[in-house]
Amino acid sequence: MEEKIVRGVTLFLVIFSVGVCSGLFYLPMLEVKAQQYAAKQMQLRQERKEREEMWATLSGLEFLNFSTEQAYATADAQNGEETEEQTLGFSQQLRLELPKNCSKDDVTIYNNYVTRRIAFEIKGAEEDYPIRYPLLGKSDHISELNYYAGKDGGTLELEMEHVYELSLDWQEQYLYIDFVAPQELYDKLVVIDAGHGAKMPGAIVSNVMEKDIDLAIVTELKKIFDQSEDETLGVYYTRLDDSDPAFEDRAGLANDIDANLFVSIHNNAFPNLQSVNGTAVLYDEKRENEGNSSKHFAHILLKQITESLGTKNRGLMAGNDIYVVRSTKAPSALVEVGFMTNPKELANLTDQNYQKKCARAIYDGIMQALEEGY
Ligand SMILES: [Zn+2]
């Protein structure tokens, strides 16, 4: 019995001594680790302080460059001699970091092709978000970068030099962002322009505003394009809501993406004579003799619409004095679908089935023109 106790005590003492010894052995290492950790924390605080100062003085874009240089320097110091891309660990153009308490579901992205503004709305991002979680990377495509803090979160806004689609890759708290030009994604590009908008209603007859009919037709047209699932064709719209883009921006969208076709949808009014009715299409008479002419495109649309809707063919009309017709590099056509001042046509134009039919005719005209080589 006594022997057992002695054995037990001995065993305990042996284990205890080994424990103490190895503890003493590892202690210096733990201390080194603790020192490293403290040094790292101090460096992070220091870097954050630097960014805080820079945020106050630099523009958004300069701040992006500063934060990126800072991250490169830190990564270089840690990893020795590796290339910049390896040290930062990403090859995409930008890396957006989410705040710790946020997930990707808290992010909403808006890409406005007309204003060329891309916004990342981050629920839960606070006032100091750009300083704590700086955006990193490089892009030649950005002309301005801003951050606005709001009540429920913040918005990071990029102003782009050109129209871009986003290629996104989420990896936990990081969103990797690349910018892709529409010309790289699609073989053919079409821009659809709904006339007027917002405070510019166009014609108003019996409380019906032209801008609403124009938009209704474009909305139906979008449904058809969306259903067609043609991945080689990219379709862009100057407006899909009650906004009023500047004429320069409407034509600018088409010119920026090197569109193959530009179609503007309008409706007519002839206040003094209700009997006037029918469809007309305007074209750029100064570019009449070009290979894929604005005039021939206008002719295709006019034929499709009048045959499909059964409206009176009022013919092709010179439209060079209209900004969007004249200023788009792509062959352009401005469709005046019908006369709102004609009671029968107004009734038709406000009817959704008629709008659908009209959209289908415009779609067929566009597809015919593209098949002809526009
Ligand atoms: Zn109009």
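What counts, and at which threshold
- Residues numbered from 1 in each chain as written.
- Predicted model: local features only at pLDDT ≥ 70, side-chain atom pairs only at ≥ 80, totals over all residues.
- Core = buried A, V, L, I, M, F, W, Y, C linked by C-beta atoms within 7 Å.
- Buried ≥ 20, exposed ≤ 12 C-beta atoms within 10 Å, placed from the backbone.
- Helix = DSSP H or I, 4+ residues; strand = E, 2+ residues; numbered from the N terminus.
- Domains from an automatic or database assignment.
- Contact = placed C-beta atoms within 7 Å.
- Nonpolar A, V, L, I, M, F, W, Y, C, P; charged D, E, K, R; others polar.
- Pairing = 2+ DSSP bridges.
- Axes fitted to C-alpha atoms, helices over the stretch in contact; angles between N-to-C directions.
- Expected span 1.5 Å × (residues − 1).

## Notes on the nonpolar core
Side chains of a nonpolar character, in soluble globular proteins, are inclined to be buried together. By size, the foremost hydrophobic cluster in this structure holds 63 residues, and its most contacted members are Val281, Leu301, Ala333, Val335 and Ile362. Ranked by residues supplied to this core, first place goes to helix α11 (residues 352-371) with 8 residues. A domain split of this core shows at least three residues from each of domain 1 (45-76 + 96-180) and domain 2 (184-371). The contacts of Val281, once residues within four sequence positions are left out, are Ala298, Leu301, Leu302, Leu316, Ala333, Leu334 and Val335. Judged by nonpolar contacts, the second largest core, of 17 residues, contains Phe63, Leu94, Leu96 and Ile122.

## Some remarks on the environment of Ser294
With respect to the element layout, Ser294 can be found in helix α8 (residues 294-309). Note on Ser294: 29 C-beta atoms within 10 Å, which makes it buried. Placed 36 residues apart in sequence, Ser294 and Ala330 show a C-alpha to C-alpha distance of 8.1 Å.

## Focus on the domain arrangement of the chain
The domain architecture assigned to the chain consists of domain 1 (45-76 + 96-180) and domain 2 (184-371). Computed from C-alpha coordinates alone, the two centres of domain 1 and domain 2 are separated by 38 Å. If you look at the interface, domain 1 gives 7 residues, while domain 2 gives 9 residues. Of the residues belonging to the side of domain 1 that touches domain 2, the class tally is 4 nonpolar, 2 polar and 1 charged.

## Notes on the sheet that holds strand β6 (residues 153-160)
What the 4 strands build is an open sheet, ordered β2-β3-β6-β5; its pairing is antiparallel. With partners counted over all chains shown, the strands left at the sheet margins are β2 (107-112) and β5 (142-149), one partner each. Along the sheet, successive strands turn relative to each other by an average axial angle of 15 degrees, direction set aside. In the sheet, strand β3 (residues 117-123) pairs with β6 via 7 bridges, with the strands oriented antiparallel. Directly across from Phe120, in β6, lies its bridge partner Leu156.

## Topic: unusual backbone geometry
The phi dihedral of Arg116 falls on the positive side, at around 60 degrees, and the residue is not glycine. Within the secondary structure, Arg116 is located in the loop between β2 and β3. Although it is not a glycine, His196 adopts a positive phi angle of roughly 55 degrees. Along the chain, His196 falls in the loop between β9 (188-194) and β10 (204-205).

## Quick look at the sheet that holds strand β4 (residues 136-137)
Spatially, 4 strands are ordered β4-β1-β8-β7 in an open sheet, and the strand pairing comes out antiparallel. Only two strands of the sheet have a single neighbouring strand rather than two, namely β4 and β7 (165-171). Sheet analysis places β7 next to strand β8 (residues 174-180), joined by 7 bridges and oriented antiparallel. Bridge pairing in β8 links Asp169 to Tyr176.

## Here's the deal with α8
With 16 residues, α8 extends 22 Å from end C-alpha to end C-alpha; this agrees with the ideal 22 Å at 1.5 Å per step. Those residues of α8 lying buried are Ser294, Lys295, Phe297, Ala298, Ile300, Leu301, Leu302, Gln304, Ile305 and Leu309. The secondary structure elements touched by the buried residues of α8 are β13 (261-268), β14 (279-283), β15 (313-318), β16 (332-339) and α11.

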